[in-house]
Amino acid sequence: MLRALCALFLTLAMASAHAQNPPAGALWNADKTAAVASSHQGNRATVIAYVRQKDGSFSTIDLSRIEGGALGQLGRPRSDYERLETTATEWIPRSDGLLQLEFRIRAWRKGQRYTVHEPLVFHPDGRVIWR
């Protein structure tokens, strides 16, 4: 019974890691092996990278924590901002097998806009190098 449950959870975890194609409007890298898309709900961004696998499917990597790290540079808690916007702006080419993105995080507080640019490097298997 325990083995069956473990197998079920492993199957579900693997199914969630291999996702549908990236959404329309995703930002693709130059060789079309990876894309990134973000969406916003309230004061939180969801940032997902889609990495093409050898079989043509895509695995997903949650990069949403990039926003929190960038807000740390501004020195205020998330709740101090009326609006936040996190956007992947560019794929940075690399020759070491890693993937790199440049993000722009905008935060509005009392009519003033603050902007932070944050690089992010990650492995195609999903391991993120946050800084």
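What this report covers is the structure whose coordinates are included nearby. Source: prediction; values computed, not measured.

Below, the discussion takes up unusual backbone geometry. Of note in this structure, Lys32 is not a glycine but carries a positive phi near 60 degrees. Along the chain, Lys32 falls in the loop between β2 (27-28) and β3 (34-41). In the Ramachandran plot, Lys110 falls in the positive-phi region, its phi being about 50 degrees despite a non-glycine side chain. Take Lys110: it is sitting in the loop between β7 (99-109) and β8 (112-122). Given the relative accessible area of 68%, Lys110 is considered exposed.

Once that is clear, we can look at the sheet that holds strand β6 (residues 83-92). The strand order across the open sheet formed by four strands is β6-β7-β8-β9, and the pairing between neighbours is antiparallel. The sheet is open, and its two borders are formed by β6 and β9 (128-129), each paired with just one other strand. Two elements, β8 and β9, share two bridges in a ladder whose sense is antiparallel. Note on β9: the bridge partner recorded for Phe122 is Val128. On the sheet, helix α2 (residues 66-74) packs against β6, β7 and β8 and is oriented at approximately 130 degrees with respect to β8.

To find leftover empty space, a probe the size of one water molecule is rolled over the atoms. As a volume, the largest pocket reaches approximately 280 Å³. Around the largest pocket, the lining is made up of 15 residues, and of these Asn29, Asp31, Thr33, Leu98 and Leu99 lie nearest the centre. For the lining of the largest pocket, the per-class residue count stands at eight nonpolar, four polar and three charged.

Before going further, it helps to spend a moment on the nonpolar core. A general feature of soluble globular proteins is that nonpolar side chains tend to end up buried together. With 19 residues, the main nonpolar core has Val36, Val47, Leu63, Trp91, Leu101, Phe103 and Phe122 as its most contacted residues. Elements that contribute at least two residues to this core include exactly β3, β4 (44-52), α2, β6, β7 and β8. Among residues more than four places away in sequence, those in contact with Val36 are Ala26, Leu27, Val47, Ile48, Ala49, Ala88, Trp91, Leu101 and Phe103. Judged by nonpolar contacts, the second largest core, of six residues, contains Ala35, Ala37, Tyr50 and Phe58.

What follows is about the pattern of salt bridges. Pairs can form between side chains of opposite charge once their charged atoms are near each other. Under the defined criterion, the tally for this structure stands at six salt bridges. For Arg94, the salt bridge is made with Asp96, and the minimal N-O distance between the two is 2.5 Å. The exposure class of Asp96 is partly exposed, given its relative accessible area of 45%. Arg127 is the salt-bridge partner of Asp125, the closest N and O atoms lying 3.0 Å from each other.

Basis of the calculations
- Residues numbered from 1 in each chain as written.
- Predicted model: local features only at pLDDT ≥ 70, side-chain atom pairs only at ≥ 80, totals over all residues.
- Heavy atoms only, no water.
- Helix = DSSP H or I, 4+ residues; strand = E, 2+ residues; numbered from the N terminus.
- Buried < 20%, exposed > 50% of the residue type's maximum accessible area, 1.4 Å probe, protein only.
- Pairing = 2+ DSSP bridges.
- Contact = heavy atoms within 4.5 Å.
- Axes fitted to C-alpha atoms, helices over the stretch in contact; angles between N-to-C directions.
- 1 Å grid on protein atoms, 1.4 Å probe; cavity = no way out; pocket = protein on both sides within 12 Å on 5 of 7 lines; lining within 4 Å.
- Points joined across faces, edges and corners; volume = space filled by probe spheres on them.
- Nonpolar A, V, L, I, M, F, W, Y, C, P; charged D, E, K, R; others polar.
- Core = buried A, V, L, I, M, F, W, Y, C linked by side-chain atoms within 4.5 Å.
- Salt bridge = Lys/Arg side-chain N within 4 Å of Asp/Glu carboxyl O.

Such coordinate-based values are descriptive only and should not be taken to indicate function.
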